[in-house]
Amino acid sequence: VKNSQRDRERKIGKYWASELYDIATGRIEPSDFFEKREIEDFESIWRILWGIVGEEFVAFLLEHGQKEEYQRQNRITLDYEDEGISITCKPDFLFKDKIIEVKCPDIIPDKIKDYHKPQLEAYYQAYRLPVYITYANRQEQKIRSFQYKPSEKYWNSVMEKVKAFHKSLVDNIPTITS
């Protein structure tokens, strides 16, 4: 099974909001940036499947419970041309007055998970709308939503780490691609 996030064509300077946490925390190293990864373990495949089902479930609830119009997976790019960096943001649900991102963890958290915050902050930076994260869990049969509280200070700290990652990638192109 191919990992659709990892199968996106990799280009230096082109990053996804959903990978900012991994970049900022070093889970993605510049030397790993161009590696294509396949998902082979059943648990990972299962999580991907339930993520898709959970998002479809929330879409169903929205379509049958709300009269507001929304777009699914609308894409916008934050461009930092001086740095040679662009960040693609693709929230699950874009309304005229808010964004909803859906995650389907094994256990519904009591607060927004740290590893989702850079993605949510990027959505806020791109759209300047309130951002909500909805956690849905089929086993617990629960849905819980939280509003993300944006922070320029936090965004700047994430971007400093992204810039350092990018610089390392650019400085080591021959080493990485050979």
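Residues numbered from 1 in each chain as written. Predicted model: local features only at pLDDT ≥ 70, side-chain atom pairs only at ≥ 80, totals over all residues. Heavy atoms only, no water.

Section: helix α3 (residues 117–127)
Phase 1: The buried fraction of α3 is high, at nine of eleven residues.
Phase 2: Turning to α3, its buried residues are Pro118, Gln119, Leu120, Glu121, Ala122, Tyr123, Gln125, Ala126 and Tyr127.
Phase 3: The first or second residue beyond α3 is arginine 128, which carries a positive phi of 55°. (Buried < 20%, exposed > 50% of the residue type's maximum accessible area, 1.4 Å probe, protein only. Helix = DSSP H or I, 4+ residues; strand = E, 2+ residues; numbered from the N terminus.)

Remarks on the pattern of salt bridges
Phase 1: Counting across every chain of the model gives nine salt bridges.
Phase 2: Taking the shortest distance from any N to any O, the salt bridge between arginine 27 and aspartate 22 comes out at 3.3 Å.
Phase 3: Between glutamate 160 and lysine 163 there is a salt bridge, with the nearest N and O atoms lying 3.7 Å from each other. A residue pair is termed a helical-turn pair when its members lie 3 or 4 positions apart in one helix, as glutamate 160 and lysine 163 do in helix α4 (residues 152–171) at three residues. (Salt bridge = Lys/Arg side-chain N within 4 Å of Asp/Glu carboxyl O.)

Regarding the sheet that holds strand β8 (residues 142–148)
Phase 1: Pairing is mixed across the open sheet formed by five strands, whose spatial order is β2-β5-β6-β7-β8. Only two strands of the sheet have a single neighbouring strand rather than two, namely β2 (70–72) and β8. Within this sheet the neighbouring strands show an average axis-to-axis angle of 20°, counted without direction.
Phase 2: Where β2 lies against strand β5 (residues 93–95), three bridges are found, and the strand directions are antiparallel. Counterpart to tyrosine 70 in the pairing with β5 is phenylalanine 95. (Pairing = 2+ DSSP bridges. Axes fitted to C-alpha atoms, helices over the stretch in contact; angles between N-to-C directions.)

A short note on the packing of α3 against α4
Phase 1: Contact geometry of α3 with α4 gives a least axis separation of 10 Å together with a crossing angle of 110°. The orientation of α3 with respect to α4, classified from their angle, is roughly perpendicular. Between α3 and α4 lies a crossing whose hand is left-handed. Contacts between α3 and α4 involve Lys117, Pro118, Glu121, Ala122 and Gln125 from the first element and Glu152, Tyr154, Trp155 and Val158 from the second.
Phase 2: Partitioned by chemical class, the residues of the contact of α3 with α4 number five nonpolar, one polar and three charged. (Parallel < 35°, antiparallel > 145°, perpendicular 65-115°, else oblique. Left-handed = near helix turned anticlockwise from the far one by under 90°. Contact = heavy atoms within 4.5 Å. Nonpolar A, V, L, I, M, F, W, Y, C, P; charged D, E, K, R; others polar.)

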